[in-house]
Amino acid sequence: MEIDLPFGVQEWAPIEDDPNRYKQWVSLTQPCLVSKRTMSDPHHVTSRGAGGGERDNIVPLQRVFHSELHNIGRDSFAIKYGLDLRREAIRITNEYDEGHI
Ligand SMILES: [Zn+2]
């Protein structure tokens with residue numbers, strides 16, 4: 001059965017149905033792990049080339065920090081900023097699930 005939503009109302013789909021929607025949600029709503037600002041450029045903890053998807057696998061970083069991560073390497077980046085990127089990715093997916101079930 002299809003439900004008509006009023007124009008402009010977003011219906012959240014499960015992550016598996018629309019990975020881009022989850023990535024957009026992270027980018028728009030989740031603060032950068034370093035600067036705490038939104039409008040981030042999400043980073044894949046396990047790269048897509050290595051088989052990483054979106055769920056439990058992306059973290060919000062502003063572009064400048066995202067670039068730094070790739071320049072210095074994820075281990076150095078994690079130590080420099082005291083971050084556990086995998087744990088943050090899982091925490092964010094849990095927040096999404098709580099808000100969109
Ligand atoms: Zn990245």
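Residues numbered from 1 in each chain as written. Predicted model: local features only at pLDDT ≥ 70, side-chain atom pairs only at ≥ 80, totals over all residues.

Enquirer: Give me the lowdown on the overall build of the protein chain, citing residues and values where you can.
Expert: Each helix and strand in the protein chain was counted, giving 4 helices and 2 strands. Taken from the N to the C terminus, the helices and strands of the protein chain come in the order α-β-β-α-α-α. In the protein chain, which comprises 101 residues, the share counted as buried stands at 21%. Of the contacts made within the protein chain by residues no fewer than 6 positions apart, 52% connect residues no fewer than 24 positions apart. (Helix = DSSP H or I, 4+ residues; strand = E, 2+ residues; numbered from the N terminus. Buried ≥ 20, exposed ≤ 12 C-beta atoms within 10 Å, placed from the backbone. Contact = placed C-beta atoms within 7 Å.)

Enquirer: Can you explain helix H2 (residues 63-72)? Please cite residues and give values.
Expert: In terms of burial, H2 is a largely surface element, 1 of the 10 residues being buried. In the stretch just after H2, Gly73 is the one whose phi turns positive, near 95°.

Enquirer: Can you lay out the nonpolar core for me, pointing to particular residues and giving the numbers?
Expert: Of all hydrophobic cores here, the largest spans 14 residues; its most connected members are Leu33, Val59, Leu61, Ala89 and Ile92. Secondary-structure elements contributing two or more residues to this core are helix H1 (19-29), strand E2 (58-59) and helix H4 (85-99). Here the element with the most residues in this core is H4; it accounts for 4 residues. Once residues lying within four places of it in the same chain are set aside, the contact partners of Val59 are Leu33, Pro42, His43, Val45, Leu85, Glu88, Ala89 and Ile92. (Core = buried A, V, L, I, M, F, W, Y, C linked by C-beta atoms within 7 Å.)

Enquirer: Can you break down the packing of H2 against helix H3 (residues 74-81) residue by residue, with the values?
Expert: The geometry of H2 relative to H3 is characterised by a closest axis approach of 6 Å and an angle of 125° between their N-to-C directions. When the interaxial angle is binned, H2 and H3 end up oblique. Contacts between H2 and H3 involve Glu68, Leu69 and Ile72 from the former and Arg74, Ser76 and Phe77 from the latter. By residue class, the composition of the contact of H2 with H3 is 3 nonpolar, 1 polar and 2 charged. (Axes fitted to C-alpha atoms, helices over the stretch in contact; angles between N-to-C directions. Parallel < 35°, antiparallel > 145°, perpendicular 65-115°, else oblique. Nonpolar A, V, L, I, M, F, W, Y, C, P; charged D, E, K, R; others polar.)

Enquirer: Give a description of the environment of Ser67 that names residues and reports values.
Expert: Position of Ser67 among the secondary structure elements: in helix H2. Between the C-alpha atoms of Ser67 and His43, which are 24 residues apart in sequence, the distance is 9.6 Å.

Enquirer: Help me get a handle on unusual backbone geometry, residues and values and all.
Expert: Unlike most non-glycine residues, Lys36 shows phi in positive territory, near 70°. With respect to the element layout, Lys36 can be found in the loop between H1 and strand E1 (43-44). You will see that Asp56, though not glycine, has its phi angle at about 55°, which is positive. Note that Asp56 resides in the loop between E1 and E2.

Enquirer: Help me get a handle on H4, residues and values and all.
Expert: For H4, which comprises 15 residues, the first-to-last C-alpha distance of 21 Å matches the rise-based estimate of 21 Å (1.5 Å per residue) to within 8%. Three or more residues of H4 are buried, namely Leu85, Ala89, Ile92 and Tyr96. With its buried residues spanning 65° around the axis, H4 presents them on a single face. In this structure, H4 carries Arg87, Asn94, Asp97 and Glu98 as exposed residues pointing more than 90 degrees from its buried face. (Expected span 1.5 Å × (residues − 1). Arc of directions from axis to C-beta.)

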